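Chain by chain, the residues run as shown.
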Amino acid sequence: MSSVQPRLACPLCHTLLEPNGRDEFCCPGDRRIYSQQAGIWRCLLPERRIYFAQFLHEYNVVRTSEGRGASTPEYYQALPFDDLSGRYSVDWRLRARSYTTFLRRVLVPLEELRAVAMKVLDLGAGNGWLSNRLAQRGHAPAAVDLRTGERDGLGAIRHYNQPILAIQAEFDRLPFPDGEFDLVVFNAAFHYSTDYTITLGESLRVLNPGGRLAILDTPFYRQAASGQAMVLERQARFIQKYGFPSNALASENFLTPGRLEELQQDLHLDWRTIQPFFGLSWLLRPWRARLRGRREPANFPILIGRRL
């Protein structure tokens, strides 16, 4: 495990936090206190807790209903390669293929280039499986998520053998100093952003000048109309099953080539697209959808960004 851990900073002024006892940090500017509870640093501002409350309530209702997570360390330690619960094996098989492609095409080349442990920001870390894999490789991950539950949130990090820095925070107000990370990874979470430009801008702030930005497992459509149709289908399904459309946040929900080009120009980024191989059946999905008169299915490429 790397001995160089990410440092915490005020999510408002970005000044490094000062120790204020064993499980507390204090902002030297406004004297606001940030504490550690159950192994998780709470860096979500009180007013933002209110803002995200309905989203978190609905998200937790859905995930609990779906039976996500488990109670044994073995389940979490096997991810993403095995779903020992047997409930979402297909989903995790796709995540595993995405991760192995990311490992082979992105992480290993960066390891060879830098030859030192990296600080990696795992955004939308969920139960922390990616941070665990990064820590096993000797890197220093910071796992960030809004959710802190023990089965499907940051609380599950207790099941791993590697020490992982866990922080409850939001994408647009990250509690880290400028240039802190070598690699920032959106882990099946970028599409929850309500404004991609703001979210990426904040990610670039905490990324060092030679660092890389990676977007994993976010729905990608060639046509925006296909993504919009997906959102409407999901909302109708949720209303029928849960009684709410699960749209408490006005998330962007998906990416398109046009949106990616806009972000490239606005933020002066260079994008590289890597397509994982999900199997022959996956490749045939667009053809089958066209023959049946259905909308374009989502693809999940790996997007790698760097500053121009």
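Placed above this text is the structure.
Remember, predicted model here, so these are calculated numbers, not experimental data.

Rules used throughout
Residues numbered from 1 in each chain as written. Predicted model: local features only at pLDDT ≥ 70, side-chain atom pairs only at ≥ 80, totals over all residues. Heavy atoms only, no water. Salt bridge = Lys/Arg side-chain N within 4 Å of Asp/Glu carboxyl O. Helix = DSSP H or I, 4+ residues; strand = E, 2+ residues; numbered from the N terminus. Pairing = 2+ DSSP bridges. Buried < 20%, exposed > 50% of the residue type's maximum accessible area, 1.4 Å probe, protein only. Contact = heavy atoms within 4.5 Å. Polar contact = N/O pair within 3.5 Å; in protein donor to acceptor, adjacent residues only side chain to side chain. Core = buried A, V, L, I, M, F, W, Y, C linked by side-chain atoms within 4.5 Å. Disulfide = S-S within 2.5 Å. Phe/Tyr/Trp six-rings, centres within 6.5 Å; stacked < 30°, edge-to-face > 60°. Axes fitted to C-alpha atoms, helices over the stretch in contact; angles between N-to-C directions. Left-handed = near helix turned anticlockwise from the far one by under 90°. Nonpolar A, V, L, I, M, F, W, Y, C, P; charged D, E, K, R; others polar.

Per the counting criterion, the structure on display carries 22 salt bridges. The salt bridge involving Arg137 is made with Glu111; its shortest N-O contact spans 2.7 Å. Here the residue Arg137 occupies a position in the loop between helix H4 (129–136) and strand E6 (140–145), and Glu111 occupies one in helix H3 (residues 89–114), the gap between them amounting to 26 residues. Residues joined in a network through salt bridges with shared partners are Arg63, Asp145, Arg147 and Asp152.

Our focus in this paragraph is the sheet that holds strand E3 (residues 33–37). Taken together, the 11 strands give an open sheet; going across it, the order is E1-E2-E3-E4-E7-E6-E5-E8-E9-E11-E10, and neighbouring strands pair in mixed fashion. The sheet is open, and its two borders are formed by strand E1 (18–19) and strand E10 (269–274), each paired with just one other strand. Taken together, the two bridges between E1 and strand E2 (residues 24–26) define a ladder with antiparallel strand orientation. Across the sheet, Pro19 pairs through a bridge with Phe25, a residue of E2.

A separate point is the environment of Val120. With respect to the element layout, Val120 can be found in strand E5 (residues 119–123). Its relative accessible area of 0% is what places Val120 among the buried residues. Sequence-wise, Val120 and Glu180 are 60 residues apart; in three dimensions their C-alpha atoms are separated by 9.0 Å. Leave out the neighbours within four places in its chain, and Val120 touches Leu134, His139, Ala140, Pro141, Ala142, Phe181, Leu183 and Val185.

Tracing the backbone shows Asn247 in the loop between helix H6 (224–242) and helix H7 (257–267). Expressed as a C-alpha distance, the spacing of Asn247 and Arg104, which sit 143 residues apart in the sequence, is 35 Å.

Moving on: helix H5 (residues 196–205). Among the 10 residues in H5, seven count as buried, and that is most of the element. Packed against the buried residues of H5 are E5, strand E8 (181–187), strand E9 (207–216), H7, E10 and strand E11 (302–307). The N-capping residue of H5, defined by a side-chain oxygen 3.0 Å from the backbone nitrogen of Thr197, is Asp195.

Residues Leu121, Ile167, Phe176, Val184, Phe186, Leu200 and Trp271 are the most contacted members of the largest nonpolar core, which totals 38 residues. Where this core is concerned, the elements lending two or more residues are E5, E6, strand E7 (165–168), E8, H5, E9, H7 and E10. Discounting chain neighbours no more than four positions away, the residues touching Ile167 are Leu8, Ile40, Trp41, Cys43, Ala142, Ala143, Val144, Asp145, Leu154, Pro175 and Phe176. Residues Leu103, Leu107, Leu130 and Ile274 belong to the second largest nonpolar core, which totals 33 residues.

Another point: the state of the cysteines. Within the structure shown, the criterion is met by zero disulfides. With no disulfide of its own, Cys27 has Cys13 as its nearest cysteine by sulfur position, at a separation of 3.7 Å. Residue class for Cys27 comes out buried when judged on its relative accessible area of 0%. No disulfide involves Cys43; its nearest neighbouring cysteine sulfur is the one of Cys10, lying 9.2 Å away. Classification of Cys43 as buried rests on a relative accessible area of 2%.

As a further point, take the packing of aromatic side chains. Scanning all chains against the criterion turns up 18 aromatic pairs. Between Tyr99 and Trp129, the aromatic rings sit 5.6 Å apart at their centres with planes inclined by 85°, giving edge-to-face as the arrangement. Of this pair, Tyr99 sits in helix H3 while Trp129 sits in helix H4, and the two are 30 residues apart along the sequence. What makes Trp129 buried here is its relative accessible area of 3%.

With that settled, the discussion passes to unusual backbone geometry. Residue Pro80 is bonded to the preceding Leu79 through a cis peptide linkage, with omega at 5°. Mapped onto the fold, Pro80 is located in the loop between helix H2 (73–78) and H3. Positive phi, close to 75°, is recorded for Asn253, a residue that is not glycine. With respect to the helices and strands, Asn253 occurs in the loop between H6 and H7. Even without glycine at this site, His268 takes up a positive phi of about 55°.

Note on placement: Asn127 falls in the loop between E5 and H4. At a separation of 3.1 Å, a polar atom in the side chain of Asn127 contacts the main-chain amide nitrogen of Trp129. Every residue in contact with Asn127, bar those within four places of it in the chain, is listed here: Tyr76, Leu79, Trp92, Asp152, Gly153, Ala156, Ile157 and Tyr160.

To continue, consider the packing of H3 against H4. Where H3 contacts H4, the axes come no closer than 13 Å and their chain directions differ by 35°. Two packed elements cross with a definite hand, and for H3 against H4 that hand is right-handed. The segment H3 lies against H4, with Trp92, Arg95, Tyr99 and Leu107 engaging Trp129, Leu130, Arg133 and Leu134. Classifying every residue of the contact of H3 with H4 by side-chain character gives six nonpolar, no polar and two charged.

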